[in-house]
Amino acid sequence: DVKVTQSSRYLVKRTGEKVFLECVQDMDHENMFWYRQDPGLGLRLIYFSYDVKMKEKGDIPEGYSVSREKKERFSLILESASTNQTSMYLCASNSGGYGYTFGSGTRLTVV
Amino acid sequence: GIQVEQSPPDLILQEGANSTLRCNFSDSVNNLQWFHQNPWGQLINLFYIPSGTKQNGRLSATTVATERYSLLYISSSQTTDSGVYFCAPPRGSGTYKYIFGTGTRLKVLA
């Protein structure tokens, strides 16, 4: 079974902290994605990576950066966490011609 | 960009009933995904459907790309089918980035 693992299920951080959300997949997928999900707004794409060290901005990249140093790992970085970044963060991966596999999500609260 | 609309927004069923969920999209697509998000937030890929019909147990999905819609059929619903169902077409041809609809929230009563 394809597995996408997100390092934390729940996270509470303080305003201004630098936050790292980690995502690891074990199926050698070239594409990896970070989405955030908010009530009433659905799932919105933050960043996308199609290869090691390659990335593309999604719809809402402001306040976020990403890192993909190894094929299996895609990290989302909140440079200076703010309360409006309180959300559910979902990582997904896929290979060309196949559907997404999602991780179980990280519910981040910024206080 | 492509617009996605799902209907109905909410649905309540008695266990054992059948249902049809609809996904309309504004541009031509060459594939589409359907997902189920369970009450704990986990998104499960139900179908990746290039075109036509796919079946998996009690669930099936049909995409009519020329008419810009897809249907998800749930037969003999069970309480474990409760959750939110999302459709997601790609943002454009040749891209692996998908756009998600706002979902249909399904509640199946015992």
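Not measured: the values here are computed from a predicted model. (Residues numbered from 1 in each chain as written. Chains lettered and ligands numbered in written order. Predicted model: local features only at pLDDT ≥ 70, side-chain atom pairs only at ≥ 80, totals over all residues. Heavy atoms only, no water.)

Draft legend 1. Molecular detail of the packing of aromatic side chains. Taken as a whole and judged by the stated rule, the model has 16 aromatic pairs over all chains. Consider the rings of Phe33(A) and Tyr35(A), whose centres lie 6.5 Å apart with planes at 35°: the pair is tilted. Each member of the pair, Phe33(A) together with Tyr35(A), is buried. For the pair Tyr35(A) and Phe100(B), a centre-to-centre distance of 5.3 Å together with 80° between the ring planes defines the contact as edge-to-face. A residue pair is termed interchain when its members come from two chains, as with Tyr35(A) in strand S4 (residues 31–38) and Phe100(B) in the loop between strand S9 (83–88) and strand S10 (104–109). (Phe/Tyr/Trp six-rings, centres within 6.5 Å; stacked < 30°, edge-to-face > 60°. Buried < 20%, exposed > 50% of the residue type's maximum accessible area, 1.4 Å probe, protein only. Helix = DSSP H or I, 4+ residues; strand = E, 2+ residues; numbered from the N terminus.)

Draft legend 2. Layout of the pattern of salt bridges. All chains considered together, the criterion is met by nine salt bridges over all chains. Its salt-bridge partner being Arg91(B), residue Asp59(A) comes within 2.5 Å of it at the nearest N-O pair. Of this pair, Asp59(A) sits in the loop between strand S6 (54–57) and strand S7 (64–70) while Arg91(B) is found in the loop between S9 and S10, placing the two residues in two different chains. Taking the relative accessible area as the measure of exposure, Asp59(A) reaches 42% and is therefore partly exposed. Using a relative accessible area of 28% as the deciding quantity, one classes Arg91(B) as partly exposed. (Salt bridge = Lys/Arg side-chain N within 4 Å of Asp/Glu carboxyl O.)

Draft legend 3. How the structure looks around the layout of surface pockets. Residue and element names in this part refer to chain B. Here the largest pocket is characterised by a volume of approximately 560 Å³. The biggest single contributor to the lining of the largest pocket is S9, with three residues. A class-by-class count of the residues in the lining of the largest pocket yields nine nonpolar, 11 polar and five charged. Taken as a whole, the second largest pocket holds about 160 Å³ of empty space. The wall of the second largest pocket is formed by His36, Ile44, Leu46, Asn56, Gly57, Arg58, Leu59, Thr80, Asp81 and Tyr85. (1 Å grid on protein atoms, 1.4 Å probe; cavity = no way out; pocket = protein on both sides within 12 Å on 5 of 7 lines; lining within 4 Å. Points joined across faces, edges and corners; volume = space filled by probe spheres on them. Nonpolar A, V, L, I, M, F, W, Y, C, P; charged D, E, K, R; others polar.)

Draft legend 4. Examining the interface of chain B and chain A more closely. Taken together, the 15 residues of chain B in the interface contact 22 residues of chain A. Summing both partners gives a buried area of about 1,600 Å² for chain B against chain A, and 54% of it is carried by carbon and sulfur. Counting the surface chain B buries against chain A, the share from its top three residues, Tyr96(B), Lys97(B) and Phe100(B), is 37%. Here chain B is connected to chain A by 11 residue pairs in polar contact (both at pLDDT 80 or more). At the level of elements, strand S4 (32–37) and strand S5 (43–49) of chain B are the ones that each hand at least two residues to the side of chain B that touches chain A. Taken together, the residues that form the side of chain B that touches chain A break down as eight nonpolar, five polar and two charged. (Contact = heavy atoms within 4.5 Å. Buried area = accessible area lost by both parts, 1.4 Å probe. Polar contact = N/O pair within 3.5 Å; in protein donor to acceptor, adjacent residues only side chain to side chain.)

Draft legend 5. Focus on the nonpolar core. If you look at the biggest cluster of nonpolar residues, it comprises 21 residues, and the most contacted ones within it are Trp34(B) and Leu72(B). Broken down by secondary-structure element, the contributors of at least two residues to this core are strand S2 (10–14), strand S3 (19–25), S4, S5, strand S7 (59–64), strand S8 (69–74), S9 and S10 of chain B. (Core = buried A, V, L, I, M, F, W, Y, C linked by side-chain atoms within 4.5 Å.)

Draft legend 6. Geometry of the sheet that holds S10(B). All names here are of chain B. Sheet architecture is open: five strands sit in the order S2-S10-S9-S4-S5, paired in mixed fashion. Either end of the sheet is taken by a strand with one partner, and the two such strands are S2 and S5. Looking at each pair of strands side by side, their axes are set apart by 20° on average, direction ignored. By the bridge criterion, three bridges tie S9 to S10 in an arrangement that is antiparallel. Counted as the bridge partner of Tyr85 is Thr104 from S10. (Pairing = 2+ DSSP bridges. Axes fitted to C-alpha atoms, helices over the stretch in contact; angles between N-to-C directions.)

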